[in-house]
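# Structural characterization, general
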Amino acid sequence: NETGKEKAKSDGEAEKQLMELIGLQSAKEEIVSLTNYVKVQKLRAEKKLSTTPISYHCVFTGSPGTGKTTVARIVAEIYCELGILRKGHMVETDRSGLVAEYVGQTAVKTNKIIDKALDGVLFIDEAYSLVQGDKNDFGLEAIATLLKRMEDDRDRLVVILAGYGDEMQQFIDSNPGLQSRFTRYIHFDDYSADELMKIFDMRLSKFEYTMKPEANAALAQLFANAVATKTKNFGNARFARNVFERTIENQASRLANKNEITDVDLQTIEAIDIPLNL
């Protein structure tokens, strides 16, 4: 996705990918609304009617594992389909990819990342970590460099910032330049227990496993407990993937003690394979 090659996407393909994702209803609605808005403004421009300025930059807020990176990649493709971006690739980075250890190196490092992202989307995860309270922190230099490039390359660069809601709001509020450029917030809700089950089931199907009813019940209980007792750092989809991997490992350990292993054995998940906790 970061090869920089121009992509010929059929209209609506990226939006279809978006709608096929599990959950994320409010985020999907926001992005579809933005897409429709852009389409109508382009139509007005074609008919020589006045158009309102559109900011394509976004702030994605939500917990880890709620699909922010995946959706950012799809948004890059939607922007390409709409003709906003020429390539529609995405370059993902965070503080470590932008901030250097020594004076004078941060601007160079930040500019290199931005150069890779031109004609596509620059996705900055946990963007609030660029502000760490110390006025001498090089993160401030990275922000200043980013803001300058967003102005200089405004027709070739879209930036999506991501992180926890409260921290992102404080981060944006800390700098008038960020406030003026990032006005579109899209929130990603945590997954419900049912949605975590669907993510797990998708992996079951993909890797050709089936579950016995009692295993399904044990898994449903695991996800229900996890959601009921979750903390701020709950992994959401990442948690579901981890449960799947642990389940497969448990099944392998169980089968290792059998003398003869059938095809059905290899494909069947039993209740004892579901981890009690992670």
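Cut-offs applied
- Counting of residues starts from 1 at the beginning of each chain's written sequence and follows it residue by residue.
- At least 70 in pLDDT is required for a residue's local features to be given in this predicted model, at least 80 for side-chain atom pairs to be given and counted, and no such filter applies to totals for whole chains, interfaces and linings, which use all residues.
- Side-chain calculation: all heavy atoms of the structure are included, whereas hydrogens and water are not.
- Strands here are runs of E lasting at least two residues and helices are runs of H or I lasting at least four, both read from the DSSP assignment and numbered beginning at the N terminus.
- Burial status follows relative accessibility: with a 1.4 Å probe on protein chains alone, a residue under 20% of its type maximum counts as buried, one over 50% as exposed, and anything between as partly exposed.
- Residue contacts are defined here by distance: any two heavy atoms, one from each residue, within 4.5 Å place the two residues in contact.
- At least two bridges found by DSSP between two strands is the condition for calling them paired.
- All axes here are fitted lines through C-alpha atoms, helices being fitted over the stretch that makes contact, and every angle between N-to-C directions spans 0 to 180 degrees.
- Only protein atoms enter the 1 Å grid, on which a cavity is a set of points fitting a 1.4 Å probe that cannot get out and a pocket is an open set with protein on both sides within 12 Å along at least 5 of 7 lines, lining residues being those with an atom within 4 Å of a point.
- Grid points are joined across faces, edges and corners, and a volume is the space filled by probe spheres set on the points.

The next subject is the overall build of the chain. Looking only at helices and strands, one finds 12 helices and seven strands in the chain. Reported as C-alpha extents along the three principal axes, the dimensions of the chain are approximately 70 × 50 × 35 Å. The buried share of the chain, reckoned over its 278 residues, is 44%. The long-range fraction of contacts in the chain, counting pairs at least 24 apart against all pairs at least 6 apart in sequence, stands at 73%.

The strand order across the open sheet formed by five strands is 2-3-4-1-5, and the pairing between neighbours is parallel. The outermost strands of the open sheet, each flanked by one partner alone, are strand 2 (90–93) and strand 5 (185–188). Averaged over neighbouring strand pairs, the angle between their axes works out to 20° when direction is ignored. Summarising the sheet, strand 1 (residues 58–62) and strand 4 (residues 157–163) pair through four bridges and their orientation is parallel.

Put simply, the largest pocket is a space of about 630 Å³. Gly65, Gly67, Thr70, Ala237 and Arg241 are, among the 28 residues lining the largest pocket, the residues nearest its centre. Elements represented by at least two residues in the lining of the largest pocket include exactly helix 3 (68–81), strand 3 (120–125), helix 9 (193–206) and helix 11 (237–255). Examining the composition of the lining of the largest pocket, we find that four residues originate from one element, helix 9, more than from any other. In terms of lining, the second largest pocket is formed by 15 residues, of which the most central are Ile54, Tyr56, His57, Arg154 and Asp155.

Treat this as a map of the structure, not an account of what it does.
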